[in-house]
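The primary structure of each chain is shown beneath.
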Amino acid sequence: MSETLELQADEREALQSIYEGDEAFKEIDPTTFQYKYGEDDNFKSFLVEIKWGENYPNEMPTINMDTFYNRNLVPAVKQTIQKALQEEGEQWLGCGMTYTLFECLKERLDELTSEQPEHVATQSIDLDKVGVSAIQISDSTDNQKKEVKKEQLTKAQKRRQWEKTDNKGELPRGYNWVDIVKHLSQTGYKEEQKAANAANSSLPVSG
C-alpha cells in the first residue's frame, strides 16, 4: 500500500470515529465525505462535499459546493465558502485535513453566509405559481365562454330582435301594441263565433 493510501485509510478511520452518531456527517464512498451546516429549513443552511484525489493529502481535495442541497445558495456565498476552505487547506498540505476543513467553518457560519438572502425565488417555486395562476385563468376563461355561449343567438334571431328596436338597442313605445290588438281581435272573433253557433243551435229545425 502506498503512503498516500495509508494516510487516507488512517484519516477515514479517524473521521468515522469522530463523527460517529453525527447526522450532519455522511460518508458517500471511501474518498468522498459531506458535512451539513444548519437545519434543513434554515435559509443559510448548506452542505460541503470533499473528495480526495489519488495524491491526497499531498494535494488539495476537491471541494464541491454545487450539490442539490445547495440549490438555493447564491453563487457569491458558495464562492466565499470555497475560498475559505481553499485558504485553510493550503496550510495543511501533507496532512489529513478533512476534519479541519469541516470544523473551521463552524465558527464562521454567520460571516460566510452574510450575503445569503432570506427569501430566494427558486425556479421550481415560480413554476408552481405559474401553474396555479394558469389554472385559475383557464377556469375563469372557460366560465366566461360558457356564459357567452348561453347568450348566443342565430343571425335571424338577432336581426328580428334588432328590427324591433329603434336601432339604438331600445324598444320603441308601443312596439307590442300590434300583437296585443291582434290577440284581442282574434279572441273577440272567437267569442262572436261561439255566440253565433249557440244561437243557431237553439233555432227549431223546420220540417
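Residues numbered from 1 in each chain as written. Predicted model: local features only at pLDDT ≥ 70, side-chain atom pairs only at ≥ 80, totals over all residues. Heavy atoms only, no water.

Chemist: Before we go on, may I ask you to explain a negative patch on the surface in this structure?
Modeler: Side chains of E3, E6, D10 and E13 sit close together on the surface and give a patch of like negative charge. Looking at the element boundaries, E13 is found in helix α1 (residues 3–18). The class of E13 is exposed, set by a relative accessible area of 55%. (Patch = residues over 30% accessible without salt bridge, like charges linked within 9 Å, V, L, I, M, F, W, Y side chains within 5 Å. Areas by Shrake-Rupley, 256 points an atom, 1.4 Å probe, with all protein chains shown as cover. Salt bridge = Lys/Arg side-chain N within 4 Å of Asp/Glu carboxyl O. Lys, Arg positive; Asp, Glu negative; His and termini not counted. Charge placed at Lys NZ, Arg CZ, Asp CG, Glu CD. Helix = DSSP H or I, 4+ residues; strand = E, 2+ residues; numbered from the N terminus. Buried < 20%, exposed > 50% of the residue type's maximum accessible area, 1.4 Å probe, protein only.)

Chemist: Where do I start with the pairing of strand β3 (residues 46–51) in this structure?
Modeler: A regular strand places its side chains on the two faces of the sheet in alternate fashion. In terms of burial, β3 is a largely internal element, five of the six residues being buried. Two strands pair when backbone bridges link them, and strand β2 (residues 32–37) and β3 are joined in this way by six bridges, in the antiparallel orientation. When the bridges of β3 are listed, F33 appears paired with I50. Sheet topology note: the β3/strand β4 (residues 62–64) ladder contains three bridges and is antiparallel. Bridging from a neighbouring strand, E49 pairs with N64 of β4. (Pairing = 2+ DSSP bridges.)

Chemist: Could you clarify how one ought to interpret the pattern of salt bridges in this entry?
Modeler: Here the idea is simple: oppositely charged side chains can pair when their charged atoms come close. Tallying each qualifying case throughout the model produces four salt bridges. With a closest N to O distance of 2.7 Å, D40 and K36 form a salt bridge. In this structure, E103 and K106 form a salt bridge, with 3.0 Å as the shortest nitrogen-oxygen distance. By relative accessible area, E103 is classed as partly exposed at 22%. Taking the relative accessible area as the measure of exposure, K106 reaches 35% and is therefore partly exposed.

Chemist: Can you help me understand α1 in this one?
Modeler: Residues three or four positions apart in an α-helix share a direction because the helix packs 3.6 residues into each turn. Helix length check: α1 (16 residues) gives 23 Å between terminal C-alpha atoms against 22 Å at 1.5 Å per residue, within 8%. Of all the residues in α1, the buried ones are T4, Q8, E11, R12 and L15. Projected down its long axis, α1 carries its buried residues within an arc of 105°, all on one side. When the buried face of α1 is taken as reference, the exposed residues oriented beyond 90 degrees from it are E3, D10, E13 and S17. In this structure, the buried residues of α1 make contact with β1 (25–29), β2 and α3 (98–104). (Expected span 1.5 Å × (residues − 1). Arc of directions from axis to C-beta. Contact = heavy atoms within 4.5 Å.)

Chemist: Even after reading the chapter, I still don't get the packing of aromatic side chains, so can you show me in this structure?
Modeler: The description of an aromatic ring pair uses the distance of the two centres, along with the angle that the planes make with each other. Under the criterion given, the structure shown has 11 aromatic pairs. Between Y19 and F25, the ring centres sit 4.7 Å apart and the planes meet at 15°, which makes this aromatic pair stacked. Y19 sits in the buried class, given a relative accessible area of 5%. Judged by its relative accessible area of 12%, F25 is buried. A ring pair is formed by Y19 and Y99, whose centres lie 5.9 Å apart and whose planes are at 45°; its orientation type is tilted. On the criterion of sequence distance, the pair formed by Y19 in the loop between α1 and β1 and Y99 in helix α3 is long-range, its members being 80 residues apart. (Phe/Tyr/Trp six-rings, centres within 6.5 Å; stacked < 30°, edge-to-face > 60°.)

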